[in-house]
Amino acid sequence: MIRWLLWLLAGALLGGIVHLVAVLILPRTATQDAYSRLAPIAPVNAVTPLPEPTPQNAVMPFMDPALAAAVCRYDLSDGPIKLTVPLSPAYTSVSFYTRRSVAYYAINDRSAGRRQIELQLMTAEQHADLPEEEDVTAADRLIVESPSNTGLILMRALAPEPGLMPIARAALNRASCKVEPAAADR
Amino acid sequence: MRLLLGSLFALAVAALVGLGTTWLALSRGTAFGAVSVGAWTAWPKSGTRDIDPYSRAAIARSGELPVGSGDGVAFFARTDDDGRPLDGRCDVRLSGTTPQARFWTLTLYDPQGHLIGNSVDRQGFTSQEIVRSADGSFDIMVAPRTRAGNWLPTNGVDSYMLVLRLYDSPVGVATRAAREAPMPSVVQSCS
């Protein structure tokens, strides 16, 4: 009897380890995470409007149907990215995610203050490589550091009523997300 | 022989316990970093880099993108204030006020996060759309059959969840007490 109890205990302990390992490796092995779902429909370093979620069809679960959404699947290996998002009348937000869907930064139109949200996205190395003058003179230039080379930028605009959705979409359609040519216009 | 049987038994227990608890933790959500107000629970750290491993795994598995901290915070309700699971065949009344926010949206999903179709093609409300009383409080009826006032159809599904998302709100990682985040009451009556 005691023998079986000991085996049970050993099994339970091993089960605890299995549990921890499963939880920790799941993000790495997930095939249906947000990035994998968006990869087929969103080219790299470009703004892709996302179709509105419907009961029949949604790119990702738990999308908020009251907000128009667009995504930029970014890859910083070719250099920093310049993001421009025009503000929609009600509410606009831009959220940044790593390859594993960890939201590392988010900003909304309250912090933007102008008619558009404009910022640069780069890795820590690219930020350190920025020439000294550029960093100092661009006092109001927002620079967001990405923990990884790849990830997602999710731009959203609220439609306070369903009839106002075209206005929200129109603002996102004018957003741009592209690799900034390195000091080409100087 | 005994050794073989014993170790097979242990391995079976390990698989059952390990994978079973994993599945349970990911589908129910854990208490790590959870902020609960009545029937509503939020995991504000899920919108930051301090997201806990369970939420990280649940998000990777479902394919959703959590609301970023600078964007807002999402409160989830799978049960009513008494802890009974939300049933689409019953009438659920949400009443009261929400915490301070520039906008909020209330959306109805099935347990997997999909929208539910219905005859009026309405899956949620925004704070601008709802009818309120003079003091700003509101009543939203989440029910299978038409209701006067703010009616959110359930289409009779047997199990659903509500997500209340506050956008541009001071509620977030620093919220500790329920009084900082007054959420609407969720009262279910089944006939």
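Residues numbered from 1 in each chain as written. Chains lettered and ligands numbered in written order. Predicted model: local features only at pLDDT ≥ 70, side-chain atom pairs only at ≥ 80, totals over all residues.

1. Some remarks on the overall build of chain A
Phase 1: Scanning chain A for helices and strands turns up six helices and nine strands.
Phase 2: For chain A, the C-alpha radius of gyration of 21 Å lies well beyond 16 Å, the compact-globule estimate for 186 residues.
Phase 3: Summarising its shape, the C-alpha atoms of chain A cover approximately 80 × 50 × 30 Å along the three principal directions.
Phase 4: Counting only residues that meet the buried cut, chain A has 39% of its 186 residues in that class.
Phase 5: Taking the contacts inside chain A whose residues are at least 6 apart along the sequence as the reference set, 70% of them involve residues at least 24 apart. (Helix = DSSP H or I, 4+ residues; strand = E, 2+ residues; numbered from the N terminus. Rg over C-alpha atoms; globule rule 2.2 N^0.38 Å. Buried ≥ 20, exposed ≤ 12 C-beta atoms within 10 Å, placed from the backbone. Contact = placed C-beta atoms within 7 Å.)

2. Re the interface of chain B and chain A
Phase 1: Facing 54 residues of chain B, the contacting portion of chain A comprises 49 residues.
Phase 2: Of all elements in the fold, only helix H1 (2-28), helix H2 (53-62), strand S5 (103-109), strand S6 (124-126) and strand S9 (161-167) of chain B reach the threshold of two or more residues within the side of chain B that touches chain A.
Phase 3: Per-element tally for the side of chain B that touches chain A: the top contributor is H1 of chain B, with 14 residues.
Phase 4: In terms of residue class, the side of chain B that touches chain A is built from 24 nonpolar, 21 polar and nine charged. (Nonpolar A, V, L, I, M, F, W, Y, C, P; charged D, E, K, R; others polar.)

3. Regarding helix H1 (residues 2-29) of chain A
Phase 1: If you check H1 of chain A, its first and last C-alpha atoms are 39 Å apart, about what 28 residues at 1.5 Å a residue would give, namely 40 Å.
Phase 2: Of all the bends in H1 of chain A, the largest measures some 30° and sits at Val23 of chain A, one to four residues before the proline Pro27 of chain A.
Phase 3: Residues of H1 of chain A that are buried: Trp7, Gly11, Gly15, Val18, His19, Val23, Leu26 and Pro27 of chain A.
Phase 4: Where the residues of H1 of chain A are buried, they touch H1 and H2 of chain B. (Expected span 1.5 Å × (residues − 1). Bend = angle between axes of the 7 residues up to and from the residue.)

4. Re the domain arrangement of chain A
By a frequent convention, interface size equals the accessible area lost on bringing the separate parts together.
Phase 1: Annotation of chain A at the domain level lists domain 1 (1-30) and domain 2 (34-179).
Phase 2: Domain 1 of chain A and domain 2 of chain A are separated by 40 Å when their C-alpha centres are compared. (Domains from an automatic or database assignment.)

5. Focus on the sheet that holds strand S2 (residues 40-42) of chain B
Residues and elements named next belong to chain B.
Phase 1: Ordered by their spatial adjacency, six strands build an open sheet running S1-S2-S3-S9-S5-S6, and the pairing between neighbours is antiparallel. This sheet does not close on itself; its edge strands, each paired only once, are strand S1 (35-37) and S6. Going across the sheet, the axis of each strand differs from the next one's by a mean of 20°, ignoring polarity.
Phase 2: Bridge count between S5 and S9: seven bridges; the pairing is antiparallel. Its bridge partner lying in S9, Tyr109 is registered against Met161. (Pairing = 2+ DSSP bridges. Axes fitted to C-alpha atoms, helices over the stretch in contact; angles between N-to-C directions.)

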